[in-house]
Amino acid sequence: MRIFHLGDSLYEELATLPEALPAEGFLWIGLPRREFELQLATLQQRLQRWTGAQLLDLHVSDLMNQQLPSHFDYTSWYDLMVFRRLATMAGSQHTMADEEPHRPAAVEEALKSIDTSPVGFAVFDRVLITVHPGECALRDYFASKLGAQQEGRDLRGSTRLPTSPAELMLRMVNHMVDSYLDLRRLLTRQLTALQNLLLDRRGHFRDWTVVLLARDTLSRLEDLCEDQRSAVQEWIDALGEWPVGDAHAERERELLRVRSRDVLEHVERVLSHVRRLETSAETSVQMHFSLTGERTNNIMRTLTVLTAIFLPLNLITGIFGMNFDTLPLIHRATGFWIAAGLMLVLAIALGAFFWRKRYLGTQQ
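Note that residues are indexed from 1 along each chain, following the sequence as it is written. Whole-chain, interface and lining totals are the exception, using all residues; otherwise, since this is a predicted model, local features are given only for residues with pLDDT of at least 70 and side-chain atom pairs are given and counted only at 80 or more. Side-chain figures throughout are based on the complete set of non-hydrogen atoms in the structure, without hydrogens or water.

*Asks:* So what's going on with a nonpolar patch on the surface? Residues and values would help.
*Replies:* A cluster of nonpolar residues, I299, M300, L303, L306 and F310, forms a patch on the protein surface that exposes about 480 Å² of accessible area. Each helix corresponds to a stretch of at least 4 residues labelled H or I by DSSP, and each strand to a stretch of at least 2 residues labelled E; elements are numbered beginning at the N terminus. Mapped onto the secondary structure, L306 falls in helix α9 (residues 247-320). Assessed through its relative accessible area of 38%, L306 is described here as partly exposed. Patch definition: residues with relative accessible area over 30% and no salt bridge; like charges joined within 9 Å; nonpolar side chains (Val, Leu, Ile, Met, Phe, Trp, Tyr) joined within 5 Å. Surface exposure here means Shrake-Rupley accessible area, sampled with a 1.4 Å probe, where a residue is shielded only by the protein chains that are shown. By convention in these notes, a salt bridge is any Lys or Arg side-chain nitrogen within 4 Å of a carboxyl oxygen on Asp or Glu. Here's how the labels work: a residue is buried when its accessible area is under 20% of the maximum for its type, exposed when over 50%, partly exposed in between, all with a 1.4 Å probe on protein chains only.

This is the structure we're talking about:
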């Protein structure tokens, strides 16, 4: 468990849960799912003391559920956001390497390395509780990032620290969505490799389990993104139902709306890209079967032409093979060479005819 006290220009990490809320700013408590289960009683007591409310049993179950899809819910005391992240599993960084060989086994390993574990957010007025899958890198990343912002060392991001639990939650959700950029590169490269294997004219593709895994993975990602979009949209709708406050509160709420719409736009971009990949994978499968059918047609056409060429030759040999004593050329010394020459000329003529008609060869 890591506990942070944040404010307009305040950032510090606390060793233990304080007995009372600080006079200004808010608390961020980030802990793994297992530790949340063990520390639940203590956490509920502190929440009752800090906010006058506790997490509902149903929401506690949601936060501890590892299979729950992304969704949003709210109460009079707090909002609950469960957001499934898109990332690669720990130890699978080698699948991101550009020099990774493009083999079906490598594609399968890359697809299986996608992690979609949920991260839970309980957003109170002055308390944010985040429940992560194990020692999540998201919490540690934001802990170091906020510290760098407070010290002015974060040159790429804003120097303004989050002023409310809702803003910090949106920043973390936005980061989870943006982390799909690395995953998008992985998916695009591996699916391109799979398409090249499918469309290789000289190869004989047999790893259909990888294709089924790719289609199933993309379908699950599409469902996941749909749930993410619905959760963010419900959060935006809930913002409009917050009670009207003073000018400062209204400005803060408008900033939250802007950030929320930005998160929603990022989710929709991810969803659009996943759908394009899904369509591309389906098109590649259809093209593979089309190429297979074309190759089969070419083989059958070649065999048919060869049969057509040798059919008159078989007719000639059949005639001269009949047991009649008065057949022409049968008693002449040059009879065999005349018949052989006739069959050769006939075969060449038929071959040239079929070649001119483009019944032979690979060019159509």
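*Asks:* Run through the pairing of strand β3 (residues 26-32), naming residues and quoting values.
*Replies:* When you tally the buried positions in β3, you get 7 out of 7 residues, the bulk of the element. Residues F26, W28, G30 and P32 line one face of β3 and the alternating positions L27, I29 and L31 line the opposite face, and both faces are buried. Whether two strands pair depends on DSSP finding at least two bridges between them. Pairing analysis gives 5 bridges linking strand β1 (residues 2-6) to β3, with the strands arranged antiparallel. By the bridge assignment for β3, R2 is matched with G30.

*Asks:* Summarise the sheet that holds strand β5 (residues 79-84); cite the residues concerned and give the values.
*Replies:* Reading across from one edge, β2-β1-β3-β9-β8-β5-β4 is the order of the 7 strands in this open sheet, with mixed pairing throughout. Across the chains shown, the open sheet's two edge strands, defined by having one partner strand only, are β2 (11-14) and β4 (71-74). Looking at each pair of strands side by side, their axes are set apart by 15° on average, direction ignored. In this sheet, β2 lies alongside β1 in antiparallel orientation, the contact comprising 4 bridges. Residue I3 lies in a different strand from β2, and its bridge partner there is L14. Contact between two residues is taken to exist if any of their heavy atoms lie within 4.5 Å; hydrogens are not considered. A fitted line through C-alpha atoms serves as each axis, taken over the contacting stretch for helices, and the angle formed by two N-to-C directions is quoted from 0 to 180°. In this fold helix α6 (residues 165-178) packs onto β3, β5, β8 (118-123) and β9 (127-132), with an angle of close to 165° to the strand it touches most, β8.

*Asks:* Talk me through the layout of surface pockets; I want residue IDs and the actual numbers.
*Replies:* The way it works is a 1 Å grid over only the protein atoms, where trapped points that fit a 1.4 Å probe form a cavity and open points with protein on both sides within 12 Å along at least five of seven lines form a pocket, and then any residue with an atom within 4 Å of a point lines it. Grid points are joined across faces, edges and corners, and a volume is the space filled by probe spheres set on the points. In this structure, the largest pocket spans a volume of roughly 1,100 Å³. Where the lining of the largest pocket is concerned, the elements lending two or more residues are α2 (40-51), α6, α8 (208-239) and α9. Considering every element that reaches the lining of the largest pocket, the biggest residue donor is α9, with 6 residues. For the lining of the largest pocket, the per-class residue count stands at 18 nonpolar, 10 polar and 9 charged. Each residue gets one of three labels, nonpolar for Ala, Val, Leu, Ile, Met, Phe, Trp, Tyr, Cys and Pro, charged for Asp, Glu, Lys and Arg, and polar for the others, Gly among them.

*Asks:* Let's hear about the nonpolar core: which residues, and what values?
*Replies:* We call a set of buried Ala, Val, Leu, Ile, Met, Phe, Trp, Tyr and Cys residues a nonpolar core when their side-chain atoms join them within 4.5 Å. Membership of the largest hydrophobic core comes to 64 residues, with the highest contact counts inside it found for W28, F83, F121, M169 and W235. Looking at this core, the element that brings in the most residues is α8, giving 14 residues. In this view, W235 contacts F72, D79, M81, A166, M169, L170, W242 and S260; residues no more than four positions away in its chain are not counted.

*Asks:* Residues and numbers for the packing of aromatic side chains, please.
*Replies:* Ring pairs are drawn from Phe, Tyr and Trp, using the six-membered ring of Trp, whenever the two centres fall within 6.5 Å, and their geometry is named by plane angle: stacked under 30 degrees, edge-to-face over 60, tilted for the rest. Under the defined criterion, the tally for this structure stands at 7 aromatic pairs. Seen from their ring centres, F72 and Y74 are 6.2 Å apart, and the 25° between their planes marks the pair as stacked. Here the aromatic rings of F336 and W337 are separated by 5.0 Å at their centres, their planes lie at 75°, and the arrangement is edge-to-face. For F336, a relative accessible area of 58% corresponds to the exposed category. Aromatic ring contacts, followed pair by pair, group F72, Y74 and W235 into a single cluster.

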